[in-house]
Amino acid sequence: KERSKLKEDAGSYESAVTDLDALLKLKPKDSDALLQRGILNHRLARFEAAVEDLTQALDLEPSLHSARYRRGLALQQLKQPGAALADFEAAIEADSNNADYLYSRGNLFAGQSINGRAIEDYAQAVAIRPSHAAAWYNYGNMLFPAGKIEQAIDCWNKAIEIQPDLFRAYNNLSLIHI
């Protein structure tokens, strides 16, 4: 497992998956290895395989909330918003102070045009982790069409302050000032 983690950290995802495949042949009920392979399959855009690995990990260890969250991300990519939402909800119920869980659920709501809920999730995410540039950016994107222009501008400026190369935020600001 450690070798596959080192390969993952080096960006050698395919090689890391191969190592985990070998490990799982020896230890098919290793929930950590299944979680790790599920994450890698997601990074490799193998979303069906990611869902399968993460589901197996959860079957072995139902309290593995990061697997539930990751499965939600894969399900979202597979255009299964209802199933993704159920996983995000369960992950948030287990850890309501996880900014990434809230941010991802906010993205799901935003993609479904449930803007009020997206705004709430982004607001919570940035309250928990004020350094979350993407959450600030998306928060601004939801506030702007709601007519909260000054708040949106503040959010985009905060995102830029945290991540100066977030050019989409500069673009949004420039469009306002045209």
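This structure is a prediction, so every number in the text was calculated from the model and none was measured.

Cut-offs and rules
Residues numbered from 1 in each chain as written. Predicted model: local features only at pLDDT ≥ 70, side-chain atom pairs only at ≥ 80, totals over all residues. Heavy atoms only, no water. Helix = DSSP H or I, 4+ residues; strand = E, 2+ residues; numbered from the N terminus. Buried < 20%, exposed > 50% of the residue type's maximum accessible area, 1.4 Å probe, protein only. Contact = heavy atoms within 4.5 Å. Areas by Shrake-Rupley, 256 points an atom, 1.4 Å probe, with all protein chains shown as cover. Lys, Arg positive; Asp, Glu negative; His and termini not counted. Charge placed at Lys NZ, Arg CZ, Asp CG, Glu CD. Phe/Tyr/Trp six-rings, centres within 6.5 Å; stacked < 30°, edge-to-face > 60°. Polar contact = N/O pair within 3.5 Å; in protein donor to acceptor, adjacent residues only side chain to side chain.

Side note on the overall build of the chain
From N to C terminus, the chain includes 11 helices and 0 strands. In terms of principal-axis extent, the alpha carbons of the chain reach across some 60 × 30 × 25 Å. Sorting the 178 residues of the chain into buried and exposed places 43% on the buried side. Within the chain, contacts between residues at least 6 apart in sequence are counted, and of these 41% link residues at least 24 apart. Entry remark: accessible area of the chain is about 9,300 Å², with carbon and sulfur atoms responsible for 51%. Of the side chains in the chain, 20 bear a positive and 24 a negative charge, and the two mean positions are spaced by 3 Å.

Quick notes on the environment of Gln-36
Mapped onto the secondary structure, Gln-36 falls in helix α3 (residues 31–43). Taking C-alpha positions, Gln-36 is 10 Å from Arg-70, a pair spaced 34 residues apart along the chain.

Notes on unusual backbone geometry
You will see that Ala-45, though not glycine, has its phi angle at about 60°, which is positive. Looking at the element boundaries, Ala-45 is found in the loop between α3 and α4 (47–60). By relative accessible area, Ala-45 is classed as partly exposed at 47%. Within the chain, Ser-113 stands out as a residue other than glycine whose phi angle is a positive 60°. Locating Ser-113 in the fold gives a position in the loop between α7 (99–111) and α8 (115–128).

Examining the packing of aromatic side chains
Tallying each qualifying case throughout the model produces 6 aromatic pairs. On the numbers, 6.1 Å between centres and 45° between planes, the contact of Tyr-69 with Phe-88 is tilted. With Tyr-69 in helix α5 (residues 65–77) and Phe-88 in helix α6 (residues 81–94), the pair connects residues that are 19 residues apart, well separated along the chain. We classify Tyr-69 as buried; its relative accessible area is 11%. Overall, the relative accessible area of 0% leaves Phe-88 in the buried class. An angle of 35° between the planes, with centres 6.1 Å apart, marks the rings of Phe-167 and Tyr-170 as tilted. Taken as a pair, Phe-167 and Tyr-170 lie in helix α11 (residues 167–176) at a separation of 3 residues, close to a single helical turn. For Phe-167, a relative accessible area of 58% corresponds to the exposed category. For Tyr-170, a relative accessible area of 37% translates into the label partly exposed.

Observations regarding the side chain of Asp-30
In this fold, Asp-30 is placed in the loop between α2 (13–26) and α3. Within polar-contact distance, the side chain of Asp-30 engages the backbone nitrogen of Asp-32 at 3.1 Å.

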